[in-house]
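# A closer look at the structure
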Amino acid sequence: MDLFAAEEVTALRSEIEEHNYRYYVLDDPSVPDAHYDRLMTRLRELETAYPELASDDSPTKRVGGEALKGFQQVSHDVPMLSLDNAFSHEDMQAFERRIHDWLNSNETIEFACEPKLDGIAVSLLYIDGILQRGATRGDGSTGEDITANVRTIPSIPLRLRGQGYPKTLEVRGEIYMPKQGFDALNAKAMAAGEKTFVNPRNAAAGSLRQLDPNITAQRPLQMCCYAVGLVKDGELPKQHSAILDQLHTWGLRINSESQVVKGIKGCAEYYQYLLNKRDQLAYDIDGIVFKVNDIASQKRLGFVSRAPRWAIAHKFPAQEEMTTLLGVDFQVGRTGVLTPVARLKPVFVGGVTVSNATLHNADEIERLQVHIGDSVIVRRAGDVIPQVVRAVLERRPADSVEIVFPNQCPICASDVERLPGEAVTRCTGGLVCSAQRKEMIKHFASRKAMDIEGLGDKLVEQMVDEGIIVELADLFHLDLERIADMDRMGDKSAQNLLDAIEKAKYTTLPRFLFSLGIREVGEATALNLARHFGDIASLYTASEEALQEIEDIGPIVAGHIFHFMQQEANQTSIESLIAAGIHWPAMVQNEAQPLAGQTIVLTGKLEQFSRSEAKQRLQNLGAKVAGSVSANTSWVVAGPGAGSKLKKATELDIEVLDEDQFAIRLAELES
Ligand code: IVH
């Protein structure tokens, strides 16, 4: 008996039991799933290595949580089992190899692929086509009777459609809450000062566990079917995918992303396909379920302890992980806004290693009640910057330290201010503050502004730190030798940079206005300003009222523009830039714009143009480029892969152009 292993096993079991209770019984998990999965994996490892430590009451020996008091218990005649997990392509290869060995055949296997929905597994019992009972999985053999709640979910038929269904048909699937419904539910809870749900899975579980079905009825729940349980007096098709199609004809919801593929190669392609699509889906998924499609093969393969041999869940990288908050830095942005940035113990989440996450502002720190030293949950989904979503208060160490928002700018020591009604705190140092100067120059040089190739962030920071650039126009009077001497430079890159700066002098008025970094003046506003005024001088003298006449400019943005243009320092800066050689072609006047007043939507993949080029050219012709199709849309450009927007356009009978037709129309309009 290994004493260290025995101790670790005991500790793991009690920690897992605690998480199980919080997750299944209280609907209030304190750690992310990935952390829980690791504890289970470790426990299984130890129990395999030291069989003498195995025990019947270990969490590895049961599937899920306990039934709550207040609901009737339901026993599942056909147990509701769990799935084994795969975390890599190697795991998937091993899965296929096991199937080949077991079936004693090397023939290519057909797999049914389905998103692994992140909700609650339920069983629906239909007798003679009438919904008799809905039940949770519970521990796999005993669940809870949630018939009254299930009946409130619109996508669950109370009576099957069509005919030919078995006399007894138990359908299994997942009840879940789509992301949009979840956000709305939480927004409502927040407004009412009530506790919010941690994630959609949790919200679905909480909604199903209501003793009052009227509450469940108000929750945006969905059901998607993916299997059958007990079947008596009737026949079903011989393939899993065909069974699902059959269920569909009987009025049950199945997942529209389901596909049948050949071999592990097909599985890998499907995995990649859905991983790319993950963030666009209306619901959370945490991986893919692959199932041997042939039912006879499924029967031969059978089950091992808690999971079938014929199916596996290939998990996606977790989007939430737990790590430690090591400290908080306050970054100063272009307009002086102080952003608290969490410095984290590096953690692998959402497919990358994250060591920083935003804490947004003082209100957010207050809301999260997070301290330095806390365990925190970090979320990184898609391209969104990593967020700290909550602090795990149960794990707070005794020496945790409260986060104090500074009264002075950490860079230039000027006072900071927070204006009434604003969420942000700002440094009042303006261009005295080197942080603001750096950010202003980075913005000025960026792709959508002056587009100075080769002027990266590090170089800008070094130039400001060394006093080479004090104001924007200094960029246009750089000394080749001095630049060649800088870190990671050299004669060639210095010359390339000077060439790029020279090239950038020829720009457009909208780009130039955008590059000035006026608060809340983005590309679209800059374009409207340029179109309306046509030159810079008229902007110096424009009143706030005159500015508000422009589309999309309200009193706040008008105030920012007016204030900016009135500052002598800013006018001097603009004049120095123009004196340094920045110039642009005259603006096309409004009446010469053939697409003025039209709204155009781009969707799908474009091959001849980049998205931003297509957008810019349309805007130059006076069009507004919108992100979604509505009755106001004039026409739609649809490349390969176009989906819901194209469908909507067709429904609304809006003109749709493919890329070639679009190229021709652009050429005509521009000539
Ligand atoms: S099949 C015998 N298919 O994953 C196989 N399960 O860890 C039973 N899940 O309890 C499950 N989407 O809650 C299956 N398309 C899908 C699924 C799915 C989500 C959940 C389900 C199950 C758990 C297994």
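The residue numbering used here restarts from 1 in each chain and proceeds along that chain's sequence as written. Restriction of local features to residues with pLDDT of at least 70 applies here, the model being predicted, together with a cutoff of 80 or more for giving and counting side-chain atom pairs; totals for whole chains, interfaces and linings are based on all residues. To obtain the side-chain values, all non-hydrogen atoms of the structure were used and water was disregarded.

### Thoughts on the nonpolar core
Ranked by internal contacts, the top residues of the largest apolar core, which has 55 residues, are Ile 452, Met 463, Leu 475, Leu 513, Leu 529 and Ile 561. By definition, residues are in contact when any of their heavy atoms lie within 4.5 Å. When sequence neighbours within four positions are dropped, the list of residues in contact with Leu 513 reads Ile 518, Ala 526, Leu 529, Ala 530, Ile 536, Leu 539 and Met 565. For this analysis, a nonpolar core means a set of buried residues of the types Ala, Val, Leu, Ile, Met, Phe, Trp, Tyr and Cys, connected via side-chain atoms within 4.5 Å. Note on exposure labels: buried denotes an accessible area under 20% of the residue type's maximum, exposed denotes more than 50%, and partly exposed covers the range between, all computed with a 1.4 Å probe on protein chains only.

### With respect to the packing of aromatic side chains
Pairing of aromatic side chains here covers Phe, Tyr and the six-membered ring of Trp, requires ring centres within 6.5 Å, and sorts the geometry by plane angle: under 30 degrees stacked, over 60 edge-to-face, intermediate tilted. Scanning the model with the defined rule gives twelve aromatic pairs in all. Ring centres 6.3 Å apart and planes at 85° place the aromatic pair Phe 444 and Phe 476 in the edge-to-face group. Taken as a pair, Phe 444 in helix α12 (residues 434–445) and Phe 476 in the loop between α13 (457–465) and α14 (480–484) lie far apart in primary sequence, 32 residues in all. The two residues Phe 444 and Phe 476 agree in class, both being buried. Following the ring pairs from residue to residue traces out a cluster consisting of Tyr 270, Tyr 273 and Phe 290. Stacked on the ring of Trp 102, the Lys or Arg Arg 309 has its end atom at 3.7 Å from the ring centre. The criterion for a charge sitting over a ring is simple: Lys NZ or Arg CZ within 6 Å of the ring centre, and within 35 degrees of the ring normal. Above the plane of the ring of Trp 635 lies Arg 665, whose end atom (NZ or CZ) is 4.8 Å from the centre. Here a strand is any run of E in DSSP of at least two residues, a helix any run of H or I of at least four, and the numbering for each starts at the N terminus.

### Quick look at unusual backbone geometry
Phi is positive for Asp 128, close to 55°, though the residue is something other than glycine. Tracing the chain through its elements places Asp 128 in the loop between β4 (120–127) and β5 (130–136). Unusually for a residue other than glycine, Arg 488 sits at a positive phi of about 55°. Among the secondary structure elements, Arg 488 is positioned in the loop between α14 and α15 (491–504).

### Here we look at the pattern of salt bridges
Just to be clear on terms, a salt bridge is a Lys or Arg side-chain nitrogen sitting within 4 Å of an Asp or Glu carboxyl oxygen. Counted under the stated rule, the structure contains 32 salt bridges. For Arg 38, the salt bridge identified is with Glu 321, shortest N-O distance 3.1 Å. With Arg 38 in helix α2 (residues 33–49) and Glu 321 in strand β14 (residues 320–332), this pair connects stretches of sequence that are 283 residues apart. Owing to a relative accessible area of 5%, Glu 321 belongs among the buried residues under this scheme. Between Arg 426 and Glu 422 there is a salt bridge, with the nearest N and O atoms lying 3.0 Å from each other. Note on Arg 426: relative accessible area 11%, which makes it buried. Residue class for Glu 422 comes out partly exposed when judged on its relative accessible area of 25%.

### Points about the side chain of Glu 659
Positionally, Glu 659 belongs in helix α24 (residues 659–670). Reaching out from Glu 659, the side chain makes a polar contact with the backbone nitrogen of Gln 608 at a distance of 2.5 Å. Setting aside residues no more than four positions away along its own chain, Glu 659 makes contact with Lys 605, Leu 606, Glu 607, Gln 608, Phe 609 and Ala 638. What qualifies as a polar contact is a pair of N or O atoms within 3.5 Å, subject to a donor-acceptor requirement within protein and to the restriction that residues adjacent in sequence count only when both atoms come from side chains.

### Structural notes on the site of the ligand
Taken together, 14 residues lie near the ligand, and Glu 114, Arg 137, Glu 174, Tyr 226 and Lys 291 sit nearest. At 3.5 Å, a backbone N or O of Leu 83 approaches an oxygen atom of the ligand. In the environment of the ligand, an oxygen atom lies 3.4 Å from a nitrogen or oxygen atom belonging to the side chain of Tyr 226. Of all elements in the fold, only β3 (110–117) and β10 (285–292) reach the threshold of two or more residues within the shell around the ligand. Take the shell around the ligand: its biggest share by element is four residues, from β3. Being near a molecule or strand, for a residue, comes down to having at least one heavy atom within 4 Å of it.

### Looking at the packing of helix α3 (residues 89–103) against helix α9 (residues 263–277)
For any two helices packed against each other, the geometry is given by the interaxial angle and the distance between the axes. Convention adopted: a line fitted to C-alpha atoms gives each axis, helices being fitted over their contacting stretch, and angles between N-to-C directions are expressed from 0 to 180 degrees. Orientation of α3 relative to α9, taken along the N-to-C sense of each, is 145°, at an axis distance of 10 Å. You can see that α3 and α9 cross each other, and the crossing is right-handed. Residues His 89, Met 92, Gln 93 and Glu 96 of α3 form the contact with α9, whose participating residues are Gly 263, Ile 264, Cys 267 and Ala 268. Residues are sorted three ways: Asp, Glu, Lys and Arg are charged, Ala, Val, Leu, Ile, Met, Phe, Trp, Tyr, Cys and Pro are nonpolar, and all the rest, Gly among them, are polar. Looking at the contact of α3 with α9 residue by residue, the classes come out as four nonpolar, three polar and one charged. Here a crossing is called left-handed whenever its near helix is offset anticlockwise from the far helix by less than a right angle, and right-handed whenever the offset is clockwise.

### Focus on the sheet that holds strand β2 (residues 85–86)
Think of it this way: DSSP has to see at least two bridges between two strands before they count as a pair. Reading across from one edge, β2-β13-β10-β3-β9 is the order of the five strands in this open sheet, with mixed pairing throughout. Two strands bound the open sheet, and with one partner strand each, they are β2 and β9 (259–262). Direction of pairing for β3 relative to β9: antiparallel, over a ladder of four bridges. The residue of β9 that forms the bridge with Glu 110 is Lys 262.

### Considering the confidence of the model for the protein chain
Of the residues in the protein chain, 97% reach a pLDDT of 70 or more, and the chain-wide mean stands at 91. Low pLDDT, under 50, characterises residues 63–68; the predicted model gives this stretch 17 contacts beyond four residues in sequence or across chains. Confidence of the prediction at every residue is given by pLDDT, a number between 0 and 100.

### A few points about a negative patch on the surface
Each patch is built from residues that are more than 30% exposed by relative accessible area and take part in no salt bridge. Like charges join if they lie within 9 Å; nonpolar side chains (Val, Leu, Ile, Met, Phe, Trp, Tyr) join within 5 Å. To measure how exposed things are, a 1.4 Å probe is used in the Shrake-Rupley method; for residues, cover is taken only from the protein chains shown. A residue counts as positive if it is Lys or Arg and as negative if it is Asp or Glu; His and the chain ends are not included. By convention, charge coordinates are those of NZ in Lys, CZ in Arg, CG in Asp, or CD in Glu. On the surface, a cluster of negative charge is contributed by Asp 479, Glu 481, Asp 485 and Asp 491. Among the secondary structure elements, Asp 485 is positioned in the loop between α14 and α15.

### Section: the packing of helix α20 (residues 555–566) against helix α21 (residues 568–579)
Interaxial distance between α20 and α21 falls to 5 Å at its minimum, and their mutual angle equals 75°. In terms of their interaxial angle, α20 and α21 are classed as roughly perpendicular. Residues Phe 564, Met 565 and Gln 566 of α20 lie in contact with α21, whose contacting residues are Glu 568, Asn 570, Gln 571 and Ile 574. Among the residues making up the contact of α20 with α21, the classes are represented as three nonpolar, three polar and one charged. Note that the term roughly parallel is reserved for angles under 35 degrees, roughly antiparallel for angles over 145, roughly perpendicular for angles of 65 to 115, and oblique for everything else.

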